[in-house]
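Chains, contacts and geometry: an overview
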Amino acid sequence: MTLSLPVGAYAVDTGSGKVGRVMGRAGPYLLLRPYGGGREWECLPEVVRAATTVEWLRAATAYANARSRGEVL
């Protein structure tokens, strides 16, 4: 499904299952960054959909837990 997600929206890369924040476009690709920061990745808009509230909260919780364990800053 191709849809236009605004910069700052949370999205799911259905190819990898990862949740990321839309950072912009690079040619035909959308740039997504993981919740909490990190390296952006590119994916085709056809494999991206808007993240549900549950998916966004799951990503936020996973980041908070990793941070509490000292795995991320």
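Refer to the structure above for everything that follows.
Presented here is a report on the structure given in the accompanying data block.

What counts and what doesn't
- Residues numbered from 1 in each chain as written.
- Predicted model: local features only at pLDDT ≥ 70, side-chain atom pairs only at ≥ 80, totals over all residues.
- Heavy atoms only, no water.
- Pairing = 2+ DSSP bridges.
- Helix = DSSP H or I, 4+ residues; strand = E, 2+ residues; numbered from the N terminus.
- Axes fitted to C-alpha atoms, helices over the stretch in contact; angles between N-to-C directions.
- Salt bridge = Lys/Arg side-chain N within 4 Å of Asp/Glu carboxyl O.
- Buried < 20%, exposed > 50% of the residue type's maximum accessible area, 1.4 Å probe, protein only.

**With respect to the sheet that holds strand 1 (residues 10–13)**
Strand pairing in a sheet relies on backbone hydrogen bonds. The paired strands run either parallel or antiparallel. Overall, antiparallel pairing links the 5 strands, which are arranged 4-3-2-1-5 in an open sheet. Two strands bound the open sheet, and with one partner strand each, they are strand 4 (41–43) and strand 5 (48–50). Direction aside, the axes of adjacent strands within the sheet are offset by 50° on average. Bridge count for strand 3 (residues 29–34) against strand 4 is 3 bridges, and the pairing is antiparallel.

**Brief notes about the pattern of salt bridges**
Summed over all chains, the structure comprises 3 salt bridges. Across the pair Glu-55 and Arg-49 runs a salt bridge, and its minimum N-O distance is 2.6 Å. Owing to a relative accessible area of 30%, Arg-49 belongs among the partly exposed residues under this scheme. For Glu-71, the salt bridge is made with Arg-69, and the minimal N-O distance between the two is 2.8 Å. Assigned by exposure class, Glu-71 and Arg-69 land together as exposed.

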